[in-house]
Amino acid sequence: MFDFLTPTVQKAMLTATWETLEMTLISGVVTAVVGLVLGILLHVTGKDGLAPIRWLNVVLSGVIVNITRSIPFAILMVALIPFAALIVGTSLGPVAASVSLTLGTIPFFARLVETALRDVSSGKVDAALVMGSTKMQVIRKVMVPEAMPGIVAAITTTVVTLIGYSAMAGLVGGGGLGRMAYNYGYTRYNPEIMILTIIIMVIMVQLVQMIGDAIARKVDHR
Amino acid sequence: MITVSDLRKVYRQGNNEVVALAGVSLEVPTGKIHGIVGHSGAGKSTLVRCLTLLDQPTSGTVAVNGKELTNVSASELRDARRRIGMVFQHANLFDSRTTEENVGYPLELTGTPKNEIKTKVAQLLELVGLDKFAKAYPSQLSGGQRQRVGIARALATDPDVLLCDEPTSALDPKTTDEILELVKELRGRLNITVLIITHEMHVVKQACDSVSLLEGGKIVEHGDIASVISNAKGRLAQTLMPLPGDAPRSAGSGTILDLLYTGDQATEPVISSLSRQFNIDVNVLAGSVEQLSDQQYAHLRIQLPAGINEQEIINHLQSNGIAVTVKGTK
């Protein structure tokens, strides 16, 4: 039954799994950090935000986030290949793919963060201000901690999305399980390998979701 | 002491100007509890937001112990805000923090050392009777307990003024009285000035030394409880000491009088002495007698017999310090 798992295929499968993990991890971490900052900026510069700055909000929300989000990921990824090459010196491999993955998911994650922050009641922000907090203290000590359950859920959703996107990235030189499924499963017509890659990805997604939910429960005291 | 002078707030709505506060002035001396009552739309919320400078007033000033909050820099304003402790309708606690972390929050802001925060928070929690709930999260507390945490948090910076915005409106009657008792007790222990904004007359009766009626962005009536109640023509007297809702406006014949009186007179047998002195039968149609902040107050509707010199009786009552309103004859 496991005849198809020749030593070569086994090795390729391990490498591919690692590459997928690598892409997800790199782009996940960078997206979480940059996207969190962008999400906070989207929220606080908004009309009813803590520090409304109209022009900045228009640039961030209307121009950067909306335009990036309206380009289909497959196209965005190809379009960003030269940019990835400029940054990491090559357009091939998981690190190069991570550049496009990250740029593609930051706006998505930032929107989710913005929504989570919007759910923090204005009364809490007022309370923090009345107690003499600076705006920075309101953001760091009140808004972000209060929105943490939502932010954790947003990270989970984003990482799951990244696992899917990373398969697509594999097709344009990123490697990973997507590449594996395509090369072995599709072009060499080896359905067992196709199914195995799918199973590995399903397990990855399940694990991420489980861990994410567990963390969200832990930080949620509402 | 908190001093508010000629506070105005005008909002622009398109081409229209909406006057939310039309010149509010008031002064609450140290150690007093002052109530501001008004219906929704009277400008209470705007007043609260302007007092704490959450909204910038269009003109006018707010000062705590002579120190102005208006027209100061952002960092001076943050310092000034620590002189005002604020209690909110829904407590507005931070759900991600335990009771002690919530109460310690204002102290964290100023970089107070951890052990000092710990001591202070323990004292505050004992003061509001929640020392056993230090590690609980707000979601594990009842509404009354959450409000106690809110009060402890408001007191963390040793403010001069405690500003309570509808502090009991989300609570049941029993918890309301407990919270008001706590506020009165704290006023006694800390000699703090308290300002309570509310739509509940019950709160004023239970806790306040003086009261202002806010209407259309203006204070239309104000004074200490005894003086507003004895002003029979005022609206506060009618709402603070209402007659029962179904008080008859007439019964038989004879003039109907509404009497409002306070303190010493309330304990006097006003009606029976009236009967004896003028040798008449007085019919009591409705009435309420209440004890508010150690004072007796009475509001009675009586009917005099027909065919007597009622002006003489009215004069007699008024000379005894009783406010009389003639309701009509039948």
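By the naming in an unreviewed UniProt entry, chain B goes by Methionine import ATP-binding protein MetN and is assigned to Glutamicibacter uratoxydans. What UniProt states about chain B under its Sequence similarities (unreviewed entry) heading is, verbatim, "Belongs to the ABC transporter superfamily." What the UniProt record of chain B gives under Function (unreviewed entry) is the line "Part of the ABC transporter FtsEX involved in cellular division. Has ATPase activity."

Chain A has the name Putative D-methionine transport system permease protein MetI in an unreviewed UniProt entry, where Glutamicibacter uratoxydans is given as its organism. In its Sequence similarities (unreviewed entry) section, the UniProt record describing chain A reads: "Belongs to the binding-protein-dependent transport system permease family. CysTW subfamily." Annotation of chain A in UniProt includes, under Subcellular location (unreviewed entry), the sentence "Cell membrane".

Looking now at the packing of helix 7 (residues 135–174) of chain A against helix 9 (residues 191–219) of chain A. Residue and element names in this part refer to chain A. One way to put it is that helix 7 packs onto helix 9 with a least axis distance of 8 Å and a crossing angle of 170 degrees. If you check the angle between helix 7 and helix 9, you find them roughly antiparallel. On helix 9, the residues touching Met148, Pro149, Val152, Thr156, Val159, Val160, Ile163 and Ala167 of helix 7 are Met201, Met204, Val205, Val208, Gln209, Gly212, Ile215, Ala216 and Val219. Of the residues that constitute the contact of helix 7 with helix 9, the class distribution is 14 nonpolar, three polar and no charged.

Residue and element names in this part refer to chain B. The mixed open sheet is built from six strands, whose spatial order is 6-7-8-3-9-10. One side of each edge strand has no neighbouring strand; the edge strands of this open sheet are strand 6 (84–87) and strand 10 (218–224). Mean inter-strand twist for the sheet, computed between neighbouring axes without regard to direction, equals 15 degrees. Examined bridge by bridge, strand 3 (residues 33–37) and strand 8 (residues 193–198) share five bridges and lie parallel to one another. When the bridges of strand 8 are listed, histidine 34 appears paired with leucine 195. This element, helix 1 (residues 44–51), spans strand 3, strand 6, strand 7 (161–165), strand 8 and strand 9 (210–215) of the sheet and lies at about 150 degrees to strand 8.

Attention shifts here to the UniProt feature "transmembrane region" (unreviewed entry) in chain A. Summarizing the sequence annotation, UniProt attributes the feature "transmembrane region" (unreviewed entry) to residues 23–44, 56–89, 95–113, 150–173 and 193–216 of chain A in the numbering used throughout. Measuring from the first to the last C-alpha atom of residues 193–216 of chain A gives 34 Å, for a span that is 100% helix and 0% strand.

When the UniProt feature table is mapped to this numbering, "domain: ABC transporter" (unreviewed entry) covers residues 2–241 of chain B. A helix fraction of 38% and a strand fraction of 28% characterise residues 2–241 of chain B, whose end C-alpha atoms lie 28 Å from each other.

Residues and elements named next belong to chain B. Strand order across the open sheet formed by four strands is 2-1-4-5, with antiparallel pairing between neighbours. Each edge of the open sheet carries a strand with a single partner, namely strand 2 (16–28) and strand 5 (67–68). Across ten bridges, the pairing between strand 1 (residues 2–13) and strand 2 is antiparallel. In the sheet register, tyrosine 11 faces strand 2, and the bridge partner there is valine 18. Contacts from helix 1 reach strand 1, strand 2 and strand 4 (59–64), with the element oriented near 115 degrees to strand 1.

All names here are of chain A. At a minimum axis distance of 7 Å, the contact between helix 8 (residues 177–187) and helix 9 shows a crossing angle of 160 degrees. Taken as axis vectors, helix 8 and helix 9 run roughly antiparallel relative to one another. Crossing angle aside, the handedness with which helix 8 passes helix 9 is left-handed. Taken together, the residues of helix 9 that come into contact with helix 8 (itself represented by Leu177, Met180, Ala181, Tyr184, Gly185 and Tyr186) are Pro191, Ile193, Met194, Thr197, Ile200, Met201 and Met204.

Locating B:His39 in the fold gives a position in the loop between strand 3 and helix 1. Counting along the chain gives 250 residues from B:His39 to B:Val289, while the straight-line C-alpha distance between them is 25 Å.

Take the interface of chain A and chain B next. Each partner contributes residues to the interface: chain A has 18 residues there, and chain B has 21 residues. Roughly 1900 Å² of surface becomes buried between chain A and chain B when both sides are summed, with 59% attributable to carbon and sulfur atoms. Counting across the interface, chain A meets chain B through three salt bridges. The closest approach of N and O atoms between B:Glu108 and A:Lys141, which form a salt bridge, is 2.5 Å.

Residues and elements named next belong to chain A. A cluster of nonpolar side chains, Leu25, Ile26, Val29, Val30, Val33, Val34, Phe83, Leu86, Ile87, Val88, Val95 and Leu103, forms an exposed patch at the surface whose accessible area comes to about 1000 Å². Among the secondary structure elements, those contributing two or more residues to the nonpolar patch are helix 1 (7–44), helix 4 (81–88) and helix 5 (93–118). Mapped onto the elements, isoleucine 26 comes out in helix 1.

Cut-offs applied
Numbers given for residues are sequential positions, taken from 1 along each chain in its written order. Ligands are numbered from 1 and chains lettered from A, in the order in which they are written. With pLDDT at 70 or above as the cut-off, local features in this predicted model cover only qualifying residues; side-chain atom pairs require 80 or more to be listed or tallied, and sums for whole chains, interfaces and linings still use all residues. Based on all heavy atoms of the structure, the side-chain values leave hydrogens and waters out of the count. UniProt positions are given in the numbering used here, feature names are shortened, and annotations may be inferred rather than shown by experiment. In this analysis an axis means a line fitted to C-alpha atoms, helices contributing only their contacting stretch, and an angle means the value between N-to-C directions, from 0 to 180 degrees. A helix here means a DSSP run of H or I that spans at least four residues, while a strand means a run of E at least two residues long, and both kinds are numbered starting from the N terminus. An angle below 35 degrees is treated as roughly parallel, one above 145 as roughly antiparallel, one from 65 to 115 as roughly perpendicular, and anything else as oblique. The contact rule is simple, with two residues in contact once any of their heavy atoms fall within 4.5 Å. When residues are grouped by polarity, Ala, Val, Leu, Ile, Met, Phe, Trp, Tyr, Cys and Pro land in nonpolar, Asp, Glu, Lys and Arg in charged, and all others, Gly among them, in polar. Note on pairing: two strands pair once DSSP finds at least 2 bridges between them. Should the near helix be turned anticlockwise from the far one by less than a right angle, the crossing is termed left-handed; should it be turned clockwise, right-handed. Put simply, buried area is the surface a 1.4 Å probe can reach on two separate parts but cannot reach once they are joined, added for both. Salt bridges are defined by distance alone: a side-chain nitrogen of Lys or Arg within 4 Å of a carboxyl oxygen of Asp or Glu. Patch membership needs two things, relative accessible area over 30% and no salt bridge, and members are linked within 9 Å if like-charged or within 5 Å if nonpolar (Val, Leu, Ile, Met, Phe, Trp, Tyr). Here, Shrake-Rupley sampling with a 1.4 Å probe gives the accessible areas, and only protein chains in the shown set may cover a residue.

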